[in-house]
Amino acid sequence: MSTTLYVRLPHRPHDQPQPWQFGALPFALVRTATVDAARRGPARMAPEVLREGHARIADLPAAERLVLILAASDVLLTTASVPPLPPARLKQALPNLIEDALATDAQPCHIGVGPALDGGVAARGPRGPRQRLLMVADRAWLRAVLDAFAEHRHRRRHVLAAQLCVPLAPLPEPPSEPSLAPADDAAAPEAPAEPPATLVVEAAAGAFEQSDELLDAAAGAASPVAQAPARQWQLTVRTGDYAGYGLLLGDDALAAWQALAPAGTWYADAGAAASAPVPELRQAARPGWSLWIEGAQECLREPALDLAQFEFAQSRSDRWHLVAWRVPLALLAGIVLVQILGMNIHWLLLRREQQRLETAQLQTLRTTFPQIQTVLDAPLQMRRQVEQLRTASGRSTPEDFLPLADRFGQAARRLPPDALQGLEYRGRMLVVTLKPGTDIAGLRSAARQAGLQMEEDKAGGAAGSTATSPGTPVTPGSRWTVRPGL
């Protein structure tokens, strides 16, 4: 199941300066079945209205899809022959195509390109111009509407014209009467019947929000004999599949327009049915949300009827609604920044400690052995100088044969007498050959406790030893190297 939020927008205020502030708007939160659920039966495809009423934009519930319905008086539907151009060039060419249909300048208008009306590929060829539906709205008003809903949580967004969101009444079936004309007489072709129009009359609601202080000040300044503002009625008319219009009329204009109204089905809200000067509205049906939802769903099946095109098209980032993630993203960016700064500060502290230790080692080496002129590796040079002094004084080093053999003898005192098959001293280490089957794990553990490092000599007799002649017998067994422990 998915949720869709339908919001009806008021007419654009012509007598109020920008920026426009929206008050409580009529909305309906609808739950619709997904494709898998819709296959189970037609009854599950019917939308279910979860919530409806009036609310400010900040208080509107979140939904997966947001459908904004512009007032019919703010959208002009017209047709024009549109050439096949890229989107950037088409946007520049559209004002020239509708300038004859507008009473004002076409540059401040946003023009949406609707579906083709010539029935498939035109006779001029697939690359020729096509007769298309054009939807014209005020760019500043549409920008203000979309900016006002920028903080709302939704994934997909659509902008539809109200005159296309009222369903058309079905065509009446022609009477089935037998033809009395002679068979040889050619019957004249009948013109296609036009569908009956759908007319909706509602009390016009403004979009500009006035505070209580302004209303109290205006009421205090008004004279007792001040007249109430004239009522306005919002008229939405759909006359065809891609035809319709909207009007804002007063009482006298609405009564006069009734004589020019097309035949069709009338809808009226409670206020229009009670006080509008049109007798047909007294028995008219009420335009509930079921009427607008049915028409809007038909428009959504045709993506070309969406007014959110060109610069108002929804991008991928808007579809994922990154604005709602700005607090977590800012927190994540702050954590990464703190982590990077912490790592760099810690590296600087370690670098400073390293430089301090290197300076102390160099100073110690120069103080102890002042004869050294060039220092490349202070610890290594210090170790070599100490070994030279120990050798000159006659003292043995841990890597000499006697200390190594003494420690290894302490570690191997538990071995059987025939376990040790060979003992060599090469490269400041002992090379021990052990009998196969000797407890190597116990010997390595004892050597480790004696301060020795015992490793297997994987290179065999070639590691650190002189080459043997082909006739020299090789002692079988495992070979191990013994060094002082680190």
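Because the structure is predicted, anything quoted here is derived from the model rather than measured.

Calculation notes
- Residues numbered from 1 in each chain as written.
- Predicted model: local features only at pLDDT ≥ 70, side-chain atom pairs only at ≥ 80, totals over all residues.
- Heavy atoms only, no water.
- Helix = DSSP H or I, 4+ residues; strand = E, 2+ residues; numbered from the N terminus.
- Buried < 20%, exposed > 50% of the residue type's maximum accessible area, 1.4 Å probe, protein only.
- Contact = heavy atoms within 4.5 Å.
- Core = buried A, V, L, I, M, F, W, Y, C linked by side-chain atoms within 4.5 Å.
- Pairing = 2+ DSSP bridges.
- Axes fitted to C-alpha atoms, helices over the stretch in contact; angles between N-to-C directions.
- Salt bridge = Lys/Arg side-chain N within 4 Å of Asp/Glu carboxyl O.
- Patch = residues over 30% accessible without salt bridge, like charges linked within 9 Å, V, L, I, M, F, W, Y side chains within 5 Å.
- Areas by Shrake-Rupley, 256 points an atom, 1.4 Å probe, with all protein chains shown as cover.
- Expected span 1.5 Å × (residues − 1).
- Disulfide = S-S within 2.5 Å.

A. Fine view of the overall build of the protein. Each helix and strand counted, the protein has 12 helices and 16 strands in total. Counting across all 486 residues of the protein, residues that qualify as buried make up 34%. Within the protein, residue pairs in contact and separated by at least 24 positions form 72% of the contacts whose partners lie at least 6 positions apart.

B. Local environment of the nonpolar core. Formed by 51 residues in total, the largest nonpolar core has its most connected members in Val7, Leu68 and Phe149. Of all elements in the fold, only strand E1 (2-8), strand E2 (25-32), strand E4 (65-70), strand E7 (130-138), helix H3 (139-148), strand E8 (156-161) and helix H7 (289-300) reach the threshold of two or more residues within this core. When residues in this core are grouped by element, the largest group, seven residues, is from H7. Those residues within four positions of leucine 68 in sequence are excluded, and the remaining contacts are Val7, Leu9, Val145, Leu146, Phe149, His158, Val159 and Leu160. With 18 residues, the next largest nonpolar core counts Leu199, Trp233, Leu235 and Val278 among its residues.

C. Inspection of the sheet that holds E4 at higher detail. Judged by pairing direction, the sheet is mixed, and its five strands sit side by side in the order E3-E2-E1-E4-E8 without closing on themselves. Every interior strand has two partners, whereas the edge strands, strand E3 (48-55) and E8, have only one. Strand-to-strand twist of the sheet, defined as the mean angle between neighbouring strand axes without regard to direction, takes the value 20°. Summarising the sheet, E1 and E2 pair through six bridges and their orientation is antiparallel. Paired with serine 2 across the strands is threonine 32, a residue of E2.

D. Inspection of the pattern of salt bridges at higher detail. Evaluation of the coordinates by the stated rule reveals 11 salt bridges. Between aspartate 147 and arginine 143 there is a salt bridge, with its nearest N and O atoms 3.9 Å apart. Taken together, the residues aspartate 147 and arginine 143, both in helix H3 and four residues apart, mark about one turn of the helix. A residue is classified by how much of its surface remains accessible, and aspartate 147, at 47% relative accessible area, is partly exposed. Under the relative-accessibility criterion, arginine 143 is labelled partly exposed at 35%. For aspartate 400, the salt bridge goes to arginine 428, with nearest N and O atoms at 4.0 Å. Here aspartate 400, found in the loop between helix H10 (378-392) and helix H11 (401-411), pairs with arginine 428, found in the loop between strand E13 (420-426) and strand E14 (429-434); they are 28 residues apart in sequence, far enough to count as distant. Salt bridges here are not isolated pairs; linked through shared partners, they connect Lys91, Arg139 and Glu311.

E. Representation of a nonpolar patch on the surface in the model. A cluster of nonpolar side chains, contributed by Trp325, Leu329, Leu332, Val336 and Ile340, occupies part of the molecular surface with about 490 Å² of accessible area. The partly exposed category is assigned to leucine 329, whose relative accessible area is 44%.

F. Representation of helix H2 (residues 87-98). Between its terminal C-alpha atoms H2 stretches 17 Å, which fits the 16 Å expected from 12 residues at 1.5 Å a residue. The complete set of buried residues in H2 reads Leu90, Ala93, Leu94, Pro95 and Ile98. Buried residues along H2 sit against strand E5 (76-82), strand E6 (109-116) and E7.

G. Focus on the sheet that holds strand E16 (residues 478-484). Within the open sheet, the four strands sit side by side as E13-E14-E16-E15. Their pairing is antiparallel. This sheet does not close on itself; its edge strands, each paired only once, are E13 and strand E15 (452-456). Across the sheet, the axes of successive neighbouring strands diverge by a mean angle of 25°, strand direction being ignored. One ladder, built from five bridges, connects E15 with E16; its direction is antiparallel. Bridge pairing in E16 links glutamate 456 to tryptophan 480. Contacting E13, E14, E15 and E16, H11 runs over the sheet at an angle of about 40° to E14. Across the sheet, helix H12 (residues 440-449) lies against E14, E15 and E16, angled at about 150° from E15, the strand it touches most.

H. Region of the structure containing the pairing of E14. Within E14, six of the six residues are buried, which leaves the element mostly enclosed by the surrounding structure. Covered by surrounding structure in E14 are Met429, Val431 and Thr433 together with Leu430, Val432 and Leu434, the residues of both alternating faces. Of the strand pairs in this sheet, E13 and E14 are connected by six bridges, and their pairing is antiparallel. Paired with tyrosine 425 across the bridge in E14 is leucine 430. The hairpin formed by E13 and E14 contains two residues between the paired strands, and glycine 427 there has a positive phi angle of roughly 60°. Judged from the five bridges that link them, E14 and E16 form a sheet pairing that is antiparallel. Across the sheet, the residue bridging to threonine 433 is arginine 479, located in E16.

I. Examining unusual backbone geometry more closely. Residues other than glycine seldom take positive phi values, yet phenylalanine 310 does so here, at roughly 55°. Following the sequence through the fold, phenylalanine 310 ends up in the loop between H7 and helix H8 (316-319). The class for phenylalanine 310 is partly exposed, based on a relative accessible area of 24%. Despite not being glycine, arginine 428 shows a phi value in the positive range, around 60°. Using a relative accessible area of 39% as the deciding quantity, one classes arginine 428 as partly exposed.

J. Summary view of the state of the cysteines. In this structure the tally under the stated criterion is zero disulfides. Unpaired in this structure, cysteine 299 has its nearest cysteine sulfur neighbour in cysteine 165, at a distance of 4.3 Å. A relative accessible area of 4% places cysteine 299 in the buried class.

Just distances and angles here, no functional claims.
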